[in-house]
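Structural overview
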Amino acid sequence: MDNRSIAQLLSETADLLEIGSGDPFRIRSYRRAAEAVESTTVQLSAIAGDAKKLQEIPGIGKGMAANIQEIEKAGTLPLREELLVKYRPSMLELLKLPGMGPKSVALFWEALQVSSVAELETAISEGKLKDLPRFGEKQIEKLRKGIEDYKKNSGRFLIDEAEVAAEKLIAYLRTFPGIETIEPAGSLRRGRETVGDLDILVTGPACAEDVVQAAVDHTAAYPPIANLIAKGQNKVSFNLRSGLQVDVRLLPKGSYGAALQYFSGSKMHNVTVRQRALKRGYTLSEYALARVEDGSFVAGATEEEIYAALGLDWIPPELRENNGELEAAEKHTLPFLIEQRDIRGDVHMHTVATDGKNTIREMADAAVARGYEYIAITDHSKNLAMTNGLDDARALEHIQRIREVDAEMEGQIRVFPGIEVDILGDGELDLSNEVLAQMDVVIASVHSLFNQPEAEMTARVLRAIENPYVRILGHPTGRLLLRREGYQIDIGAVIRRAAELGVAVEHNAYPDRLDLCDRDLRLAKEVGCKISINTDAHHTSHMEKMRYGIKQLRRAWLTKADVLNTLPAKEFLAALRPRP
DNA sequence: GCCGTTTTCGGCCCGACTGTTTTCAGTCG
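Throughout this document, residue positions are counted from 1 along each chain, in the order its sequence is written. Throughout, the order in which chains and ligands are written sets their labels, letters from A for the former and numbers from 1 for the latter. With pLDDT at 70 or above as the cut-off, local features in this predicted model cover only qualifying residues; side-chain atom pairs require 80 or more to be listed or tallied, and sums for whole chains, interfaces and linings still use all residues. Each side-chain value is derived from all of the structure's non-hydrogen atoms; neither hydrogens nor water enter the calculation.

The name that an unreviewed UniProt entry assigns to chain A is DNA polymerase beta, with the source organism given as Silvibacterium bohemicum. UniProt positions are given in the numbering used here, feature names are shortened, and annotations may be inferred rather than shown by experiment. Under the UniProt heading Cofactor (unreviewed entry), the entry covering chain A gives this text: "Mg(2+)". Quoted verbatim from the Subcellular location (unreviewed entry) heading of the UniProt record, the comment on chain A is "Cytoplasm".

This is the structure in structure tokens:
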């Protein structure tokens with residue numbers, strides 16, 4: 001089993017223990033172990049036979065090593081199964097609702113036998129929550145809203161999860177002789193932040209009509225399949241254990257481009273493209289572009305030849321949303337979208353000084369390996385007590401160490417001193433201006449001010465960016481995909497004011513964050529607000545997540561020129577808001 | 001359940017916010 005799945009089992013066990021109000025410290029060690037498993041670079045299945053090696057991972061002791069061995073052997077662990085008899089698996093889903101913790105799940109179960117989102121919804125509409133302690137009007141309304149938001153997103157998966165699932169399947173399919181090209185289509189290819197299901201298109205000699213059956217059988221024999229939905233002539237559909245639905249289509253080379261175009265969507269883009277085809281006497285299907293009068297073949301092997309036959313430049317999948325991309329493709333004015341390799345630095349990251357997992361030096365080395373020219377170390381400030389946030393004195397010491405590492409790197413990379421300072425309830429920052437003045441990169445972030453009225457929330461953030469030392473606004477909307485809609489904030493007003501002040505707004509590239517949606521990013525570009533894209537890395541491996549954020553920027557039509565950290569080190573600093 | 005020991009058990013990042021209290025529990029980061 002892969003590390004991610006092991007981590008998930010451990011973390012679910014922690015949740016269940018918490019619902020059963022187990023020993024809080026025992027619960028914490030399950031969570032810590034889950035985190036450790038997730039972030040270790042060692043593949044656990046490779047060392048599962050050796051309990052000593054497992055225990056070398058910090059957070060894994062004797063008992064947890066045994067648990068992991070049991071998971072490898074049996075696919076689950078006894079404690080979890082035991083708890084799932086007592087409680088219901090659907091309770092884990094309840095925990096995902098905003099404001100729902102283990103205590104509330106336990107309460108609803110004991111008092112009302114409510115164990116799922118659907119049952120909770122019914123209980124609310126029947127007014128059964130009213131008699132429960134701690135649940136007044138506001139709490140109930142919050143839950144109602146939370147369920148609504150949850151239902152909007154449920155059944156969708158974060159882009160990185162979908163991509164990992166796609167990569168594994170692709171590696172498996174590649175082992176079959178005669179399969180040459182495999183590509184994900186659908187919303188994954190368009191770079192949507194979440195995907196509903198996975199569309200994989202396959203071609204090669206093995207997909208020719210007369211021989212495709214063997215390749216179809218091979219696909220249907222993919223070991224991780226949890227539930228085979230359908231196996232047809234050239235299509236296999238199934239669910240993975242995560243619930244993600246996958247459709248694999250095996251197509252002859254001649255129609256591969258047409259299929260890729262068709263299944264990449266979006267729906268509205270395709271409608272417009274087909275209308276255009278009809279106007280020119282063609283008809284476009286997932287098999288080919290053909291003449292209307294006699295059905296004769298015009299194009300189909302590649303997307304390029306199809307778009308070209310319609311008088312269009314090839315359109316990057318991220319732009320296929322019927323937002324003017326056809327007009328631009330016709331006039332040859334499609335933008336040169338930003339690419340991963342344009343990014344020269346990641347300027348929001350944490351170290352062991354607060355809640356990061358690596359040292360300053362380790363982060364710097366990892367950034368060198370990625371080819372970056374600079375990074376900024378921006379640990380938390382004291383208001384985030386649980387992260388061991390820095391106060392003025394510690395922040396000053398930390399800057400000193402950052403400068404030392406910067407010198408150690410001897411120009412291989414620049415390491416800028418910075419801080420992610422917290423915005424307090426009154427819009428003030430929790431470190432002194434004297435200290436902030438020492439930092440190259442001051443990111444002001446909202447962290448813990450949920451459930452404020454929108455006007456209040458917006459006023460606080462606007463107040464915070466008036467502080468002349470603030471150079472970047474960190475996770476400006478605070479949204480967490482699939483879990484919560486985000487802070488209630490007038491992001492338009494914030495972006496406009498940031499533009500006036502010269503404060504950059506951050507797009508957090510981490511897949512469950514992806515702070516700004518494409519609408520916000522387009523607005524930022526429109527009003528001249530500077531944008532910086534960062535991963536908020538708490539571990540060297542997190543820097544990899546940059547590519548998911550890049551897709552969002554591309555979807556918003558952004559180019560290299562629109563993003564601050566595509567600049568070389570000196571120019572980057574110079575482009576930040578000038579210090580007083 | 002992990003860790004670090006004064007090796008055998010005690011300590012384990014904690015403060016802010018909210019809504020419900022009438023002194024606090026639950027959730028969040």
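1. What to know about helix 22 (residues 491-501)
Accessibility here uses a 1.4 Å probe with only protein chains present; expressed as a share of the type maximum, an area under 20% marks a residue as buried, one over 50% as exposed, and anything in between as partly exposed. Numbered from the N terminus, helices here are DSSP runs of H or I no shorter than four residues, and strands are runs of E no shorter than two. Of all the positions in helix 22, only Ile491, Gly492, Val494, Ile495, Ala498 and Leu501 are classed as buried. For helix 22, the elements touching its buried residues are helix 21 (454-466), strand 15 (472-474), strand 16 (504-508) and helix 23 (518-527). What makes two residues a contact is simply this: any of their non-hydrogen atoms within 4.5 Å.

2. Here we look at the UniProt feature "domain: Helix-hairpin-helix DNA-binding motif class" (unreviewed entry) in chain A
According to UniProt, the feature "domain: Helix-hairpin-helix DNA-binding motif class" (unreviewed entry) maps to residues 52-71, 92-111 and 127-146 in the numbering used here. Taken end to end, residues 52-71 is 70% helix and 0% strand, and its first and last C-alpha atoms sit 16 Å apart. Spanning residues 92-111, this segment combines 65% helix with 0% strand, and its end C-alpha atoms are found 18 Å apart.

3. Re the domain arrangement of chain A
Many authors give the size of an interface as the accessible area that is lost as the parts come together. Structurally, chain A comprises domain 1 (3-153), domain 2 (157-251), domain 3 (258-330) and domain 4 (340-575). For the domain bounds, the source is a domain assignment made automatically or taken from a database. Taking only C-alpha atoms, the centre of domain 1 and the centre of domain 2 are 30 Å apart.

4. Some details on unusual backbone geometry
Cis geometry marks the peptide bond from glycine 265 to serine 266; its omega dihedral reads 0 degrees. Here serine 266 is to be found in the loop between helix 14 (256-264) and helix 15 (267-279). Even without glycine at this site, arginine 134 takes up a positive phi of about 75 degrees. Looking at the element boundaries, arginine 134 is found in the loop between helix 9 (117-125) and helix 10 (137-153). Look at arginine 134 and you get exposed, because its relative accessible area is 53%.

5. Description of the sheet that holds strand 13 (residues 414-422)
Within the open sheet, the seven strands sit side by side as 11-12-13-14-15-16-17. Their pairing is parallel. A strand with exactly one partner marks an edge of an open sheet, and here the two such strands are strand 11 (345-346) and strand 17 (531-534). By this definition, two strands are paired if DSSP reports at least two bridges between them. Note that strand 11 and strand 12 (residues 374-380) share two bridges and pair parallel. Within strand 12, the residue paired with glycine 345 across the bridge is tyrosine 374. Contacts from helix 18 (residues 360-369) reach strand 12 and strand 13 within the one sheet, and its direction differs from that of strand 12 by about 145 degrees. Axes here mean lines fitted to C-alpha atoms, for a helix over just the part in contact, with angles spanning 0 to 180 degrees between N-to-C directions.

6. Let's talk about the nonpolar core
Remark: nonpolar core denotes a set of buried residues (Ala, Val, Leu, Ile, Met, Phe, Trp, Tyr, Cys) joined through side-chain atoms within 4.5 Å. Grouped together as the largest cluster of nonpolar side chains are 62 residues, with contacts concentrated most on Ile375 and Val415. Not counting the four nearest positions on each side in its chain, valine 415 is found in contact with Ile360, Ala364, Ile375, Ile377, Ile402, Val405, Asp406 and Met409. Core analysis: the second largest hydrophobic core is formed by 51 residues, Ala36, Val37, Leu95 and Met100 among them.

7. Here we look at helix 18
Listed in full, the buried residues belonging to helix 18 are Ile360, Met363, Ala364, Ala366 and Ala367. With its buried residues spanning 165 degrees around the axis, helix 18 presents them on a single face. Among the structural elements, strand 12, helix 19 (392-408) and strand 13 are those in contact with the buried residues of helix 18. At the C-terminal side of helix 18, glycine 371 shows a positive phi close to 85 degrees. It is the directions from the helix axis to the C-beta atoms whose arc is reported.

8. Structural notes on the state of the cysteines
We call a pair of cysteine sulfur atoms a disulfide whenever their separation is within 2.5 Å. Within this structure, the stated rule accounts for zero disulfides. No disulfide involves cysteine 529; its sulfur sits 14 Å from that of cysteine 517, the nearest cysteine.

9. Regarding the sheet that holds strand 5 (residues 225-231)
What the five strands build is an open sheet, ordered 2-4-7-6-5; its pairing is mixed. Whereas interior strands pair on both sides, the edge strands pair on one side only; in this sheet they are strand 2 (181-184) and strand 5. Pairs of neighbouring strands in the sheet enclose a mean axial angle of 20 degrees, with direction left out of account. In this sheet, strand 4 (residues 197-203) lies alongside strand 2 in antiparallel orientation, the contact comprising four bridges. Looking at the pairing, threonine 181 lines up with threonine 203 of strand 4. Across the sheet, helix 11 (residues 159-174) touches strand 2, strand 4, strand 6 (235-240) and strand 7 (245-251), and the angle it forms with strand 4 is around 25 degrees. Across the sheet, helix 14 lies against strand 2, strand 4 and strand 7, angled at about 170 degrees from strand 4, the strand it touches most.

10. A few points about the packing of aromatic side chains
Between the rings of Phe, Tyr and Trp (Trp by its six-membered ring), a pair exists once the centres lie within 6.5 Å; its type follows the angle of the planes, with under 30 degrees stacked, over 60 edge-to-face, and the other angles tilted. If you walk through the whole model with that rule in mind, you get six aromatic pairs. Aromatic side chains phenylalanine 108 and phenylalanine 135 sit 5.1 Å apart centroid to centroid with 50 degrees between the ring planes, which places their arrangement in the tilted category. Here the residue phenylalanine 108 occupies a position in helix 8 (residues 102-112), and phenylalanine 135 occupies one in the loop between helix 9 and helix 10, the gap between them amounting to 27 residues. Exposure class is identical for phenylalanine 108 and phenylalanine 135. Each is buried. Aromatic pair tyrosine 374 and phenylalanine 416: ring centres 5.7 Å apart, planes at 40 degrees, arrangement tilted. Of the two residues, tyrosine 374 is situated in strand 12 and phenylalanine 416 in strand 13; the sequence distance between them amounts to 42 residues. When sorted by exposure, tyrosine 374 lands in the same class as phenylalanine 416, which is buried. Here the aromatic cluster, defined as three or more aromatic residues joined through ring pairs, consists of Tyr172, Tyr222 and Phe238.

11. Things to note about the pattern of salt bridges
Here, a salt bridge means any side-chain nitrogen of Lys or Arg that lies within 4 Å of a carboxyl oxygen of Asp or Glu. Inspection of every chain in the model, using the stated rule, returns 35 salt bridges. Measuring nitrogen to oxygen at the nearest pair gives 3.0 Å for the salt bridge that ties glutamate 141 to arginine 144. One end of the pair, glutamate 141, and the other, arginine 144, are both in helix 10, three residues apart, so they sit about a helical turn from each other. Accessibility expressed as a relative area gives 42% for glutamate 141, which makes it partly exposed. Glutamate 330 serves as the salt-bridge partner of arginine 276, at 3.0 Å between the closest nitrogen and oxygen. On the criterion of sequence distance, the pair formed by arginine 276 in helix 15 and glutamate 330 in helix 17 (residues 325-330) is long-range, its members being 54 residues apart. One connected set of salt bridges, linked through shared partners, spans Arg190, Glu321, Asp518 and Arg555.

12. Regarding the environment of glycine 59
If you trace the backbone, glycine 59 turns up in the loop between helix 4 (51-55) and helix 5 (62-74). Along the sequence, glycine 59 and valine 37 sit 22 residues apart, while their C-alpha atoms lie 8.9 Å from each other. Other than its neighbours up to four places away in sequence, glycine 59 contacts Arg32 and Ala33.

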